[in-house]
Amino acid sequence: MRIVVCLKVVPRPEEVKVDLETKMLDRAGARSVINASDLNALEAALAYRDAHGGTVTVLSMGPPQFEPYLRVALAVGADDAILLSDRAFGGADTLATSYTLAAGIRKIGHVDLVICGEESSDGGTSQVPPSIAEWLEASQATYVERLVPGKHGTVHATRVLEDGKETVELSVPAVVSVVVGSNEPRFLDYDRWAFAQSAKVLVWNEKELSGDPQYLGLQGSPTAVAGLREVKKAGRRHETLTVTPDEAAARIKTEIERTRLARS
Amino acid sequence: MAATDEGGLWVYAERRSDGSSFTPVSLEILGKARELARQLSVELTAVTVGADGHAAADLRKYGPDHVLELAHPLLARHDGKAYATAIAAEVHKAHPSTLLLGATRNGQDLAGRLAVRLRTGLTAHVTSLELEGKDQLVGWVPGFGGGIEAGITCPVKRPQMVTVRPGVFPLPAEGPPVGDVTTVTPHLSEKDVGSHRVSFEPKGTSIDLTRADVIVVGGRGTGGNFARIEELARALGGEVGATRVATDAGWVDRDRMIGQTGVITRPKLVLVLGVSGAVQFTVGIEGAGTVVAVNRDPQAPIFDHADLGIVGDLGPVVESLLRALGED
Amino acid sequence: MAQASEKMVAPVRFDDGTWEALAATTNANLCFQCGTCTAACPLADNTSMRVRRLIREAQFGETDPFVWKCMTCAECNASCPRGVDIVGIVRTLRGRQWRTRDVPKGLPTLLWGMYSDGNTFRLPPKQRASWMQDVKVPGKGSTLLFVGCAASYDPRAQRIARSVATLLNRAGVEYQVLGTEEVCCGEAARSVGHDALFRDLQARNTETFQKRGVERVIAISPHSFDALKAGQSANGGPEVVHYTQAIAELLDAGKLGKAAEKGTVTYHDPCYLGRHNGVYEAPRRLLELSGLKVVEMGNTRAQALCCGGGGGRMWMETDPPERTGARRVKEAAGTGAELLATACPYCISVFESERGSEAIPVTDVAELIVGRTKA
């Protein structure tokens, strides 16, 4: 099984600021981490490979600064790593991002399984995995917690839905997104550090990807950001009161309504 | 695709996994769409997909101008690829300006695929929707762990696609059935289907606190009286959670234990009752939207982690709260 | 000679790798299986933890899963007639389990948090200095107050950090803190057998110490104290002391006032301050400073009963029979003292949660002194 894991490097959510004057996102001061559910995706891929054979390639789209994070993935256990990097890919929304990742997967060739995290902590759209599936004309299963081989080269994926768990049989090639927390990501292996640091991380640019420019980057993005606003205040409100039980009940009820849970 | 709006507003009415009825969010969106359609002076179509055409009648109660049923045996259950194929074919015929879907898991599964098929822009799980100009929707989307909201538009491509979170819009009132129903049998073959169901295990057989929107947590201060905690959880449509003290004492099952060595939760609302708030517990509710805490001890560390904190005896506060909630 | 049994017995396979690893990192080969360690182990009473057997099995290449129950309290080390480093054996055995990923659930997540977030709670790095609130730290000099993850992030332990800073300020000590540049000392990694992550985190802090010109480190947690000391050895580096030692020195130099005598307190010796590092008297002198009479428990100083939080147990679920902390709180209450004082954030956390029906209040030594003496 040739498995590709799509990995995204995201800024730490609590360190991203909005410049309220320019309404622009200020990521400059924010440190980065590997998106949480992508670590689950990597673990799912490695566990599958360990149990059933194959190779795991991590693939990411981003600036050269993403490279160290791909090396962390190699230290965790991935076999190789590829970074899709070019100014032309920048400013991409999910359509353009998924197009670019799909182009990278096609260039890798003979990929059986693509595993992604369910959503990223920055954009949080969860659109990229099914979009990649469509670009590749592959089958898909989202919100998966378990992946096992089926008969005749198929894969059985158990999806976690609102009203229950559905196990589906997917023909290969397939794109799967995994639920955050669906497994416990193995910690990195320091014995692999030397390999991880010296391994060649392939970097593919626009020319090497030979994609259709109309679907790349900003120009390939049908959606646009019209505005930004800061929502959460830093930390909790800490409104602590000593009141009668009835007054307490009234305050709590107001709070409940404020969280917009009108329906039970 | 040129910006036309001949086809008006479309809403995808998603059926539940067991095919029994429509997801509440589909109806919520239908309600909002009715209002938008009026503002834009365009027609509203509810689109539904399934094996047969029985469901139309239900949708007519919510006032769409048209109901479009896509019926085919291969569409009996949700499959992103097959559903996207069927819907895309109709979109190409009718040219709607807008397509709204519920941000359920299957809804997202479909929307991501369909947007690429239609080469159009998709704005995912908005928490509010505004209208700008002639027919431009602006969807506000939380990002960066909820700290920032971005207003997203799809200026040129059509249909502009938006998925909407459950609970953003109210459930509309039912009215007398209106609108015509058209049933279409899409051209589909096996190769259009990407997945086949092997099994389905309905929810209710296992507890999943990680996905609960509302949690009521009981700790040492309950003195073991979890009946009241359960009642409160029921009244709020939420789940019961507990601290290590409560599970050790056997008051609740271990799988309800929240904390560093238990479950990490991200509810919209959590009521933390009779819990001191040791850090091993509070890391399990760090991601909660709103935290309300009740504790007898004004020094209890839990108040450092709460939005609203009540210092007082748990019993009387819970009784008063149950009364207040029962008044609706 | 007895007749050969009809039953066929499978041949036993020995894995020498485990024993070789132990011989390389510890003095395990000195063990002559006397079993004193089993008798000394506080877990032997209520569980099937048998330290002697654990070592014996290791000779055959087997790792007893009970190796994860160990709190690294070092009662075994203290009682072993041959001075075998049994805690070291536990750490080495755990280390080998990481290679096959045979580790308790939750530990990989703990390590990821330490690696990526620099703390054991998976909380944002930028919140690490929030304990400082209304306390002014001089922010200069070659002495560093190493706060540690618990005192940085746990609201209960943050009070300890503020109390220690207050006492240092009262005595006019010039010191700095690393604030959000401080990362976890890595003790939890060392305890659960992941030596590589421990050394990685050590290296990060050491680099910051060098940049800041640190020559002396005052640690709030005995775990940090022990870990920072262990990380030094070969490379030199700053002198590392526990806060009770630093404050005792100030007391000796007359830089802190005493309170009027009244009341009783019993003192619990944290394992990583007491048994592991021999610091027994400094905290007791500080308690006298607060005006209280120290009433000792039966199991005191080198015989102190572990709270149960060490050895990574703080980050693992502990079943009730294994909770030595509950026994310890009972023992403390049994002395009739008004207060239970200790000098470790983990012990404080465990005792606060295990107090149950025992009414005895739990306090840290520094916060007790701050509360009872004037500036």
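Model, not experiment: these values are computed from the prediction.

### As for the sheet that holds strand β12 (residues 174–178) of chain A
Phase 1: Strand order in the open sheet formed by 10 strands is β13(A)-β7(A)-β6(A)-β1(A)-β8(A)-β12(A)-β9(A)-β10(A)-β11(A)-β11(B), and the pairing between neighbours is mixed. With one partner strand each, in any of the chains shown, β13 (202–204) of chain A together with β11 (195–202) of chain B form the two edges of the open sheet. Averaged over all neighbouring strand pairs, the angle between strand axes comes to 35°, with direction disregarded.
Phase 2: Relative to β13 of chain A, strand β7 (residues 80–84) of chain A is paired through 3 bridges, and the arrangement is parallel. In the sheet register, Ile82 of chain A faces β13 of chain A, and the bridge partner there is Leu202 of chain A.
Phase 3: Contacting β1 (2–6), β6 (55–61), β8 (113–117), β9 (139–149) and β12 of chain A, helix α1 (residues 36–52) of chain A runs over the sheet at an angle of about 150° to β8 of chain A.
Phase 4: Across the sheet, helix α2 (residues 67–76) of chain A lies against β6 and β7 of chain A, angled at about 160° from β7 of chain A, the strand it touches most.

### A few points about the environment of Ile310 of chain B
Phase 1: Within the secondary structure, Ile310 of chain B is located in strand β16 (residues 308–311).
Phase 2: Beyond its immediate chain neighbours, meaning those up to four positions away, Ile310 of chain B contacts Leu241, Val243 and Ala248 of chain A together with Val294 and Val317 of chain B.

### Quick notes on the interface of chain C and chain B
Phase 1: Facing the 14 residues of chain C at the interface are 8 residues of chain B.
Phase 2: Put simply, the parts of the chain that give the side of chain C that touches chain B at least two residues each are α8 (155–170) and α15 (345–354) of chain C.
Phase 3: When residues of the side of chain C that touches chain B are assigned to their parent elements, the largest contribution, 3 residues, is made by α15 of chain C.
Phase 4: Taken together, the residues of the side of chain C that touches chain B sort by class into 6 nonpolar, 3 polar and 5 charged.

### Some thoughts on the nonpolar core
Phase 1: If you look at the biggest cluster of nonpolar residues, it comprises 291 residues, and the most contacted ones within it are Val5, Leu42, Ala73, Val114, Ile115 and Val176 of chain A together with Val11 of chain B.
Phase 2: Filtering out sequence-adjacent residues up to four positions away, Val5 of chain A remains in contact with Ala41, Leu42, Ala45, Val56, Val58, Leu59, Ala78 and Ile115 of chain A.

### As for the domain arrangement of chain B
Phase 1: Domain assignment breaks chain B into domain 1 (9–192) and domain 2 (209–326).
Phase 2: The C-alpha centroid of domain 2 of chain B is placed 37 Å from the C-alpha centroid of domain 1 of chain B.

### Section: the interface of chain B and chain A
Phase 1: Listed per partner, the contact involves 79 residues of chain B and 72 residues of chain A.
Phase 2: Of the residues forming the side of chain B that touches chain A, the biggest block, 10 residues, is contributed by helix α4 (residues 105–117) of chain B.
Phase 3: Residue composition of the side of chain B that touches chain A, by class: 35 nonpolar, 28 polar and 16 charged.
Phase 4: Sheet topology note: the strand β15 (residues 239–241) of chain A/β16 of chain B ladder contains 3 bridges and is parallel. Opposite Leu241 of chain A, over in β16 of chain B, you have Ile310 of chain B as the bridge partner.

### Some remarks on the pairing of β1 of chain A
Residue and element names in this part refer to chain A.
Phase 1: Here β1 lies mainly inside the structure; 4 of its 5 residues are buried.
Phase 2: Where β1 lies against β6, 5 bridges are found, and the strand directions are parallel. Bridge pairing in β6 links Val5 to Val58.
Phase 3: Bridge count between β1 and β8: 3 bridges; the pairing is parallel. When the bridges of β8 are listed, Val5 appears paired with Ile115.

### Considerations on helix α12 (residues 243–252) of chain C
Residue and element names in this part refer to chain C.
Phase 1: Here α12 lies mainly inside the structure; 7 of its 10 residues are buried.
Phase 2: Restricting attention to buried positions, one finds in α12 the residues Tyr243, Thr244, Gln245, Ala246, Ile247, Ala248 and Leu251.
Phase 3: Here the buried face of α12 lies against α8, β2 (216–219), β3 (239–242), α13 (281–289) and α16 (365–372).
Phase 4: Immediately downstream of α12, the backbone of Gly254 shows phi near 70°, a positive value.

Thresholds applied
- Numbering of residues begins from 1 in every chain and follows the order in which that chain's sequence is written.
- The lettering of chains begins at A and the numbering of ligands begins at 1, in the order of writing.
- Thresholds applied to this predicted model are a pLDDT of at least 70 for local features of residues and 80 or more for the giving and counting of side-chain atom pairs; totals over whole chains, interfaces and linings are not thresholded and use all residues.
- The criterion for strand pairing is that DSSP finds at least two bridges linking the strands in question.
- Strands are runs of DSSP state E lasting at least 2 residues, helices are runs of H or I lasting at least 4, and numbering of each runs from the N terminus.
- Lines fitted to C-alpha atoms define the axes here, with helix axes fitted over just the stretch in contact, and angles between the N-to-C directions of these axes take values from 0 to 180 degrees.
- We call two residues in contact when the distance between their C-beta atoms, placed using the backbone, is within 7 Å.
- Gly counts as polar in this scheme, as do all residues outside two lists: the nonpolar Ala, Val, Leu, Ile, Met, Phe, Trp, Tyr, Cys and Pro, and the charged Asp, Glu, Lys and Arg.
- By convention in this section, buried Ala, Val, Leu, Ile, Met, Phe, Trp, Tyr and Cys residues joined through C-beta atoms within 7 Å make up a nonpolar core.
- Residues are called buried when their C-beta atom has 20 or more other C-beta atoms within 10 Å, exposed when it has 12 or fewer, and partly exposed otherwise; all C-beta atoms are positioned from the backbone.
- Just so you know, the domain bounds were taken from an automatic or database domain assignment.

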